[in-house]
Amino acid sequence: MFSQRIDGLRPSPIRSILNVIERPGMVSFAGGLPATDALPSWSGAVPPALLQYGRSEGEPELRAAVSDSLRALGVDAPPERVMILSGSQQGIDLTAKLFVDPGTTVAVEYPTYLAALQVLRFYGAEFADIATSALERVPLGYVVPTFANPTGACMSETERDRLAETCLRTGTAVFEDDPYRELAYEPCDRTPIVARMVGGTWIYQGSFSKTFAPGLRLGYLAASEDLFEHLVAIKQATDLHSSRLSQRIVFDAITDPGWPARLAGLVSFYRSRRDAFEGSLRRHFDGLATWDTPPGGLFYWLRLQRPIDTRTLLADAIENRVAFMPGEEFSPGQPDIGTMRLNFSHASADDTERGLRTLARILARAS
Ligand SMILES: Cc1ncc(COP(=O)(O)O)c(C=O)c1O
């Protein structure tokens, strides 16, 4: 009765865990959720014109504003090649529809964003490690080079240069997913890889979820000329267009004179959450795990000293009112056993201390 594709589709473990985090007393390190205190309020009226159907590419004023910000980063993104997305998750779906048939190889980082793996697998992708594979005959490379999900790592300038050069030589399309770039707590090179790809084939996407409001479901992409029209046609077939009301709310916010100050405040708030998290980690996980302090983004990536499959710990953790993401879920190939992704933006410092103490106790018991 169903398509063959559906056989391989598993529900996202993140979405399943999100269903339990609203339980009273739960400390969640699981999703990439902004802090509730950091969400904006909105009291504008709804102009009736916005309730009409709109353009698939998005509202012209918002596309122009996004184009300005991308061009400031060196990306060749005139407004005509900017498209507004219903969340940047949609950009992954559109790109997969454009590139992936059953058996198509997609080069990715090991580990990488699990909901990208979920979509790419749905269309039949197989994976190769973008750091170690020759990319000849690989049509698409998907990367999160700036404050990666799940590792928090930021690619160096040399790594960015090298990847752009290789993909230009092999004709591999670079798909750069960049939702965390604004959340920088330490200096590091964040110039998009696609800014180094003049004449190449590329897609660059960003999101308003992490800096503004994920519930508005709004992101954007820009693409090289050879791809853009295809992506628009696929978006038309997917949802016609993104919410016009969401686009108006975001446009008003990002063009408000207070926007840079809002971003700066958000960065310093999340930096202090990261620092509090680091303190609690050192108190409770010393000897249990190793980690690098993330220079940006929303996640810590832990490697356990004793490789326990952390998926087996999740039920116990949730019973003890703490949620985390097993790192094994982010593996494109064989699960990377003994890894955990911990979000540090959502829980307060007190909850973090309590949650990490509990998690360390569960881990020590299982070791
Ligand atoms: C790397 C990456 N890409 C895309 C997304 C999807 O974001 P959204 O659809 O909310 O823009 C996320 C969300 O966590 C992410 O981490």
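Quick caveat, the model's predicted, so the values are computed rather than measured.

## Brief notes about the sheet that holds strand β4 (residues 126-129)
Working step 1: Here we have seven strands laid out as an open sheet, ordered β2-β8-β7-β6-β5-β3-β4, and mixed in their pairing. Of all the strands in the sheet, just β2 (82-85) and β4 have a single pairing partner and so form its edges. Pairs of neighbouring strands in the sheet enclose a mean axial angle of 25 degrees, with direction left out of account.
Working step 2: Examined bridge by bridge, strand β7 (residues 202-207) and strand β8 (residues 219-223) share five bridges and lie antiparallel to one another. Bridge assignment links Gln205 to a residue of β8, and that residue is Leu221.
Working step 3: Its contacts with the sheet put helix α3 (residues 88-99) on β2, β5 (140-143), β6 (173-177), β7 and β8, and the angle it makes with β7 is roughly 160 degrees.

## What to know about the pattern of salt bridges
Working step 1: For the structure on display, the rule yields 17 salt bridges.
Working step 2: Measuring nitrogen to oxygen at the nearest pair gives 3.1 Å for the salt bridge that ties Asp93 to Lys97. Of the two residues, Asp93 and Lys97 are both situated in helix α3; the distance of four residues between them amounts to about one turn of the helix.
Working step 3: Residue class for Lys97 comes out partly exposed when judged on its relative accessible area of 35%.
Working step 4: In this structure, Arg169 and Glu136 form a salt bridge, with 2.9 Å as the shortest nitrogen-oxygen distance. Here the residue Arg169 occupies a position in helix α5 (residues 157-170), and Glu136 occupies one in the loop between β4 and β5, the gap between them amounting to 33 residues.
Working step 5: One connected set of salt bridges, linked through shared partners, spans Asp161, Asp189 and Arg196.

## As for the domain arrangement of the protein chain
Working step 1: For the protein chain, the domain assignment lists domain 1 (4-39 + 260-366) and domain 2 (48-254).
Working step 2: For domain 1 versus domain 2, the separation of C-alpha centres amounts to 25 Å.
Working step 3: Contacts between the two partners involve 34 residues from domain 1 and, on the opposite side, 32 residues from domain 2.
Working step 4: Roughly 2800 Å² is buried in total at the junction of domain 1 and domain 2, and carbon and sulfur atoms are behind 66% of that figure.

Criteria and thresholds
- Residues numbered from 1 in each chain as written.
- Predicted model: local features only at pLDDT ≥ 70, side-chain atom pairs only at ≥ 80, totals over all residues.
- Heavy atoms only, no water.
- Pairing = 2+ DSSP bridges.
- Helix = DSSP H or I, 4+ residues; strand = E, 2+ residues; numbered from the N terminus.
- Axes fitted to C-alpha atoms, helices over the stretch in contact; angles between N-to-C directions.
- Contact = heavy atoms within 4.5 Å.
- Salt bridge = Lys/Arg side-chain N within 4 Å of Asp/Glu carboxyl O.
- Buried < 20%, exposed > 50% of the residue type's maximum accessible area, 1.4 Å probe, protein only.
- Domains from an automatic or database assignment.
- Buried area = accessible area lost by both parts, 1.4 Å probe.

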